[in-house]
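# Working through the structure, step by step
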Amino acid sequence: MTLTELRYITTLAKVQHFGRAAEQCNVSQPTLSIAVKKLESELGIDLFERTKNRVQPTPVGEKIVMQSQLVLEQAAAIKDIASSGKDQLNTPLHVGAIFTIGPYLFPHFIPPLQLSAPNMPLIIEESYTSTLRARLRTGEVDVIVVALPFTETDVVVQPLYEERFLAVLPETHRLTGQSAIHQRDIEQENVLLLGEGHCFRDQVLEAIPNINKTVAGSAPIRTMTEGSSLETLCYMVASGLGMTILPESATLGPSFQKSGLITRPFSGDSPTRTTALAWRASFPRHRAIDALRSAILDSNLIGTDKQHKSQMASN
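Residues numbered from 1 in each chain as written. Predicted model: local features only at pLDDT ≥ 70, side-chain atom pairs only at ≥ 80, totals over all residues. Heavy atoms only, no water.

### Notes on unusual backbone geometry
For clarity, the cut-off: By definition, any uninterrupted DSSP run of H or I lasting at least four residues is a helix, any uninterrupted run of E lasting at least two residues is a strand, and each is numbered from the N terminus.
For the peptide bond that leads from Leu 148 to Pro 149, omega is 5 degrees, which places it in the cis range. Along the polypeptide, Pro 149 turns up in the loop between strand S5 (143–147) and strand S6 (155–169). Phi angles above zero are rare outside glycine, and Gln 16 is one such case at about 55 degrees. Tracing the backbone through its elements, the reader meets Gln 16 in the loop between helix H1 (3–15) and helix H2 (18–24). A positive phi angle, close to 60 degrees, is found at Asp 154, a residue other than glycine. Take Asp 154: it is sitting in the loop between S5 and S6.

Right, dumping it as structure tokens:
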């Protein structure tokens, strides 16, 4: 058996779908299917129960998947030990970020990072928090940028900066006449949200729990389906289908500035989120982490206070 095969079965056990597992592993579905069958043949057991619509581990398969996860984590630790003997700023750094942070942060910190560590190749990717968590543990990424709260055993989490949420409205919306919006002002509005699986959706619903209950006594409002992006929500708002709520960093790019949409802050204690770095405690390239952190804090991302960010990072 190989580490690749173990990675295939742990991914398949998590997503319970051959196509999605192959996509996450960056291989074709036949390649993944053949590898799983090969491992099952070698072990002499069925690792998965296969139905038309679902794939799930057998009882013994669950035990093997759990052990495989441990093996992958230990293999990642071996790579970390080997990395400690190399130039920390001369080997690739694999950085992951959640979908609602990556597109807005990457363009700001990559240029200063290239200046401070010109010989360190940067590999970046975007995904869901749950996927990045798993890839961090197995060593497929070195460090991830996520929104708090985030906890994981043997993982260091360091807050970076805080940003507020903004209401995003079409130009003709009744609330554009207000300089700030109270949360009760949007309780009867059709607030478009990201689908299940996005932590930003959960953060918005936690901060403003009364949105999208009903509109004037009608049936519950339907939100965007899973896999939607913040850009898609903006297109829907521009089409007059409702309003949305975005992290401030998502409203600063040129595409949003050209959209004609209007932003308004919330009055009182505005809902916010905190962005953080997370890396394995065993990861030995401390200078690479420091360089990444400094590049983010020096990125001058509008809407965040640099002094406040530095204070958070030192805590």
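### A closer look at helix H10 (residues 286–297)
Residues spaced three or four apart along an α-helix point in a common direction, a consequence of the helix completing one turn every 3.6 residues. The following threshold applies: By this rule the span expected of a helix is its residue count minus one, scaled by 1.5 Å. Accessibility here uses a 1.4 Å probe with only protein chains present; expressed as a share of the type maximum, an area under 20% marks a residue as buried, one over 50% as exposed, and anything in between as partly exposed.
In this model, H10 (12 residues) spans 16 Å end to end at C-alpha, consistent with the 16 Å of a helix rising 1.5 Å per residue. Regarding H10, the residues found buried are Ala 288, Ile 289, Ala 291, Leu 292, Arg 293, Ala 295, Ile 296 and Leu 297.

### Examining the nonpolar core
The condition that has to hold: By nonpolar core we mean a set of buried residues, namely Ala, Val, Leu, Ile, Met, Phe, Trp, Tyr and Cys, connected to one another through side-chain atoms within 4.5 Å. Contacts were defined at the residue level, with two residues in contact if any of their heavy atoms lie within 4.5 Å.
Grouped together as the largest cluster of nonpolar side chains are 37 residues, with contacts concentrated most on Phe 109 and Leu 292. Discounting residues that sit within four places of it in the chain, Leu 292 has contacts with Leu 93, Val 95, Phe 109, Leu 113, Val 143 and Leu 277. Leu 175, Leu 192, Phe 200 and Phe 256 belong to the second-largest nonpolar core, a separate cluster that totals 27 residues.

### What to know about the packing of H1 against helix H3 (residues 29–43)
Condition: Where helices are involved, their axes are fitted lines through C-alpha atoms of the stretch in contact, as for all axes, and angles between N-to-C directions lie from 0 to 180°. Should an angle lie under 35 degrees it is considered roughly parallel, over 145 roughly antiparallel, and from 65 to 115 roughly perpendicular; all remaining angles are considered oblique. Polar here means any residue other than Ala, Val, Leu, Ile, Met, Phe, Trp, Tyr, Cys and Pro, which are nonpolar, and Asp, Glu, Lys and Arg, which are charged; Gly is therefore polar.
In contact at an axis separation of 9 Å, H1 and H3 are set at 105 degrees when each is read in the N-to-C sense. Classified by the angle their axes make, H1 and H3 are roughly perpendicular. Within the contact between the two elements, H1 uses Glu 5, Leu 6, Tyr 8, Ile 9 and Leu 12 and H3 uses Thr 31, Leu 32, Ala 35, Val 36, Lys 38 and Leu 39. Broken down by class, the residue content of the contact of H1 with H3 amounts to eight nonpolar, one polar and two charged.

### Some thoughts on the packing of aromatic side chains
Using the following cut-off: A pair of aromatic rings is counted whenever rings of Phe, Tyr or Trp (Trp by its six-membered ring) have centres within 6.5 Å, and the orientation is called stacked for planes under 30 degrees apart, edge-to-face for over 60 and tilted otherwise.
Considering all chains together, one arrives at three aromatic pairs under this definition. Geometrically, the ring pair formed by Phe 99 and Tyr 128 is edge-to-face, given 5.0 Å between the ring centres and 85 degrees between the ring planes. Here Tyr 128 lies in the loop between strand S4 (122–127) and helix H6 (129–137) and Phe 99 lies in the loop between strand S3 (93–98) and helix H5 (102–116), a separation of 29 residues in the sequence. Relative to Phe 109, the ring of Phe 106 has its centre 5.6 Å away and its plane inclined at 70 degrees; by these criteria the two rings are edge-to-face. Note that Phe 106 and Phe 109 are positioned in helix H5 at a spacing of three residues, about one turn of the helix. You'll find Phe 106 and Phe 109 in the same group, each marked buried.

### Observations concerning the side chain of Arg 135
Looking at where Arg 135 falls in the secondary structure, it is placed in helix H6. Residue classification places Arg 135 among the buried positions, given a relative accessible area of 14%. In this view, Arg 135 contacts Gln 24, His 94, Glu 125, Glu 140 and Val 141; residues no more than four positions away in its chain are not counted.

None of this, on its own, says anything about what the molecule does.
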